Amino acid sequence: MKLGTINRHFARFGAFQIRYRWVFIIVLAALTVAGMTGLPKLTTGDNMEDWFDEYDAIQINTDRFEALFGNEDSVLVLVEAEDVFDPEVLTAIRDLGAELLEKVPYAKELRSLTDMSVVSGSEEGIEVSSPFEDGIPEAGLLLEEKRAYIMSRDSLVNMLVSDDCRETWLSLSLNNYEGENESVEMYAVGRAAMDIITDPKWENPKYTLKPSGIAYTEYEEMLTVMAETQKRIIGGFIVVILCLIIFTRSLRGVLIPMLTTVGGIGSVFGYMARLGIPADSNMMTLPVLLAMALSIGYAIHLVNAFKFQFRRLGKRKEALVTAVGETGWPIFFTVLTTIASLLTFLFTGIGAMRWLGVTSALTVFAVYLYVALLVPALFSFGTDKKAAAENPAMSADKGGTVIDRKFYETGEALIKKRRPVIIIAFIIIAAFIPGLFKMTVNMDYFSFMGEKIPYIARLGEMLKAKIGSLYNYTVMIGFDESGSFKDPEQMRNLDLLREDLGALDFTKVSGGKPRVSSVTEIVKETYRTLNGDDPAFYTIPGDPDLLAQILFLYEISGGDDLFNRITEDFSTSVLQVELSGYDGNRIAKTVKDAETAARTRFPGANVAVVGIIASFVEMNNKIVYGELKSFAGSFLIIFILLALVFSSFRVALIGMIPNLAPVLIIGGIMGYAKIPLDMLTMTIMPMLLGIAVDDTIHFISRMRLELENTGSYRKAVLNSFGMIGKTLGTTTVILCAMFAVYSFSPVAMLFHVGILAIIGMTAALLADYTLTPLLIFLLKPLGFEKP
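About the thresholds
- Residues numbered from 1 in each chain as written.
- Predicted model: local features only at pLDDT ≥ 70, side-chain atom pairs only at ≥ 80, totals over all residues.
- Heavy atoms only, no water.
- Pairing = 2+ DSSP bridges.
- Helix = DSSP H or I, 4+ residues; strand = E, 2+ residues; numbered from the N terminus.
- Contact = heavy atoms within 4.5 Å.
- Axes fitted to C-alpha atoms, helices over the stretch in contact; angles between N-to-C directions.
- Buried < 20%, exposed > 50% of the residue type's maximum accessible area, 1.4 Å probe, protein only.
- 1 Å grid on protein atoms, 1.4 Å probe; cavity = no way out; pocket = protein on both sides within 12 Å on 5 of 7 lines; lining within 4 Å.
- Points joined across faces, edges and corners; volume = space filled by probe spheres on them.
- Salt bridge = Lys/Arg side-chain N within 4 Å of Asp/Glu carboxyl O.
- Disulfide = S-S within 2.5 Å.
- Phe/Tyr/Trp six-rings, centres within 6.5 Å; stacked < 30°, edge-to-face > 60°.
- Core = buried A, V, L, I, M, F, W, Y, C linked by side-chain atoms within 4.5 Å.
- Expected span 1.5 Å × (residues − 1).
- Arc of directions from axis to C-beta.

Colleague: Give me the sheet that holds strand β12 (residues 516–517): which residues, what numbers.
Modeller: Read across the sheet, 4 strands follow the order β12-β13-β9-β14 without closing on themselves; strand pairing throughout is antiparallel. For this open sheet the edge positions go to β12 and β14 (606–610), each flanked by a neighbour on one side alone. Here 5 bridges tie strand β9 (residues 472–478) to β14, and the two strands are oriented antiparallel to one another. The residue bridging V475 from the neighbouring strand is V609, located in β14. Docked against the sheet, helix α3 (residues 57–69) engages β9, β13 (572–578) and β14, running at close to 75° with respect to β9.

Colleague: Now, about unusual backbone geometry: what can you tell me, with residues and values included?
Modeller: Although it is not a glycine, N158 adopts a positive phi angle of roughly 60°. Within the element layout of this structure, N158 appears in the loop between α5 (141–151) and β6 (167–174). The buried category is assigned to N158, whose relative accessible area is 3%. Look at S647: it is not a glycine, yet its phi comes out positive at around 55°.

Colleague: Go over empty space enclosed by the protein with me, naming the residues and quoting the values.
Modeller: This model, assessed by the stated rule, comprises 6 cavities of 30 Å³ or more. When its volume is computed, the second largest cavity comes out at roughly 170 Å³. Forming the walls of the second largest cavity are 16 residues, and the residues nearest its centre are I691, D694, D695, T731 and L735. Of all the elements in the fold, those that place two or more residues in the lining of the second largest cavity are α9 (285–313), α22 (684–710), α23 (713–740) and α24 (748–779).

Colleague: Explain the pattern of salt bridges to me, and be specific about the residues and the numbers.
Modeller: In the structure shown here, the tally under the stated rule is 30 salt bridges. A salt bridge links K589 to D593, with the nearest nitrogen and oxygen atoms 2.8 Å apart. Placement of both K589 and D593 in helix α19 (residues 587–601) is noted, with a separation of 4 residues, approximately one turn of the helix. Salt bridges linked by common partners bring R153, D154, E525, R528 and D533 together as one network.

Colleague: Break down the state of the cysteines for me, citing the residues and quoting the values.
Modeller: As used here, a disulfide is simply a covalent bond connecting the sulfur atoms of two cysteines. Summed over the entire model, instances satisfying the criterion amount to 0 disulfides. Free of any disulfide, C736 has its nearest neighbouring cysteine sulfur in C243, separated by 10 Å.

Colleague: Go over the packing of aromatic side chains, please, and point to the residues and values.
Modeller: The full count for this structure, using the stated rule, is 28 aromatic pairs. Here F365 and Y368 contribute two aromatic rings whose centre-to-centre distance is 6.5 Å and whose plane-to-plane angle is 40°, an arrangement assigned as tilted. Of the two residues, F365 and Y368 both sit in helix α11 (residues 351–379), 3 residues apart, roughly one turn of that helix. An aromatic cluster is present here, built from F10, Y298, W329, F332, F333, F365, Y368 and F646 joined pairwise through their rings.

Colleague: Talk me through the sheet that holds strand β3 (residues 107–111); I want residue IDs and the actual numbers.
Modeller: Taken together, 4 strands build an open sheet; the order of strands is β3-β6-β2-β7 and the sheet is antiparallel. On the outer flanks of this sheet lie β3 and β7 (207–212), each paired with one strand and no other. Here the average twist between neighbouring strands, direction ignored, is 20°. Here strand β2 (residues 74–81) pairs with β7 via 6 bridges, running antiparallel. Bridge pairing links L76 to S212 in β7.

Colleague: Could you give an account of the nonpolar core, with specific residues and numbers?
Modeller: One finds Y473, I477, L501 and I613 to be the most contacted residues of the largest nonpolar core, which totals 250 residues. In this view, I477 contacts F485, L494, L497, S571, T572, S573, L575, A598, F602, A605, N606 and V607; residues no more than four positions away in its chain are not counted. Core analysis: the second largest hydrophobic core is formed by 6 residues, F65, F69, M476 and V610 among them.

Colleague: Please set out α19 residue by residue, giving values where relevant.
Modeller: Under the 1.5 Å per step criterion, the end-to-end length of α19 is 21 Å for 15 residues, consistent within 8% with the ideal 21 Å. When α19 is considered as a whole, its buried residues turn out to be I587, T590, V591, A594, A597 and A598. All buried residues of α19 lie within an arc of 120° about the axis, which places them on one face of the element. Opposite the buried face of α19, by more than 90 degrees, sit the exposed residues K589, K592 and T600. In the core, the buried residues of α19 are packed alongside β9, α16 (488–502), β14 and α20 (612–646).

Encoded structure:
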């Protein structure tokens, strides 16, 4: 079907809209009110488990761990002081721990200097108790005796307390979350812990409190991201208003596009709230700002076309019908390709990305409907004016402006220099390709949040502390047969595995001691105590009966740490490894080496690695494969749509060349500048492809129409530059201005998205101003010229 025929169908629909404009206005108003009133019910969340499906190995192993050992999360506080055994410091640790245990939801057990199980000798054999269970003595001999005893325990020094007595941990373990939305429960834990720990009553020059733990830091991240979300969205609205004032220079040109933008976005999120679908707090700004930018872009395409025709014809309704006819199909097709590109996020296998893809697609479609239905209806109110032919004040090209004429002249210059321009363009693109192979993936806090964020700076300080830690992973070894770890050989293998893990890359070493925790520490500490505290007995006994007796004695003596590290049937045990840092490119090897070491020590066991680091490793993999699947899906779908719509594989191939250019450029920049792929930057390439193709579609559609009208490729290119060159530039400026609000964010991932989006969309516009028209002019894929 010829483009002219398609345009006539859209023009007829435009006439229908104007005839029944009040029906469209009233229906959309009712739907908008129904949607917007649901906004107060909107909730947000950021659940790490949303990254994994229930059939993912990491999720299966995590579920198994939680079923056996409980919640892997905890609330942690690193206490730093000149002397953590100062009575005032110990009292603060005790009181803070008691308040956390009482007031934090899901609180399970507390472990600190004042609340811990220590094995000591007694007349009956051993006793497991807390050194401070009878109170905290004043400074003196009794306190020094307790200090000396605690510091003589190998399982405590440089694990719970540093060997210089300047650092110690307070740890609150948690029961499993029970609510349907885990992120809500996790935030409740983080909020309660933050309220307690940041209470001014704990401010004291003798000590500092540095909190961490997944629940705590995730809550801090949520607060940071939500604050940034508000700032970016408000900034986006300011940008929208300024752009509309600059580019439309009329009250109606500002108010109507704003109305369509707010109505479309608000309705989508309102109906989501009514359906109980939470918004992803990390991703929320993307669909909002993207829809705002595209909504204004669609509106400006339509409004500029209307103004051009209104200057030429002088009749308002006729100008609107003509404008709808000319822009209806290109805008609809760009919406279709953008939505198709966004929906490829469904291929990533990541819950957060699926939410982003569906929500962005819905908001883009919603704002398109509002623009397509409301702009013609609301602009149809008003009077006519003199046509260009009857008004000497109008430009000689009957509707065109001085800027339109400049674009026409730019087209002439490009055609004259077409071969050098194409060669230079391809050389520039080729220069960025090596950077693609330097791209990395990194999902750690410091990478995607950035150290400008206060809580990230605090976590960095904790990581540098002697016993400070942020990251860890857990190795879980299980046998089908109960009592397997009552075999001394298996217990010794567990201790040897602890040494293996201690020697791996990234394992935190404090005072020469690798920070690897396991049940073997309890066994060795108890065996040593039973033998007069002789250090020679800090080992695993070789007698099965003796090992069983030690485990039994510890259990009945009140020890509460045993079953945090081994199951009650002694079939499954865990080792927790704390890390000194994180590098997404190297940590995967460390986790793999840990799993290999465990399988080597326990060839017949079920071995799994769980914990936040194991999750990050899987996230990295999902980001890589998700990016590839999403980009490949986006490229393929857009290519097929172009081929179908323009009935030509040649046109589709030519159309994809300028759209690959910005993708290659930003990929190269990410590699050269060492900007990692993370949960936000991975969205850039597929999203950019879907947005960049919009200008290509407008350009090719216009050239096809001009070719049908003039029969000349030269005139088709020049007329297309004159007719829509300014509009393409305007929409790109708006998109760049919208994403520029990200570039002022202290959050690293938002800053990166803003900069990369601006570069990518600028590159896309330049490619569409050069490669698209020149390749069409040279290869002539739209058909034959008329003689």
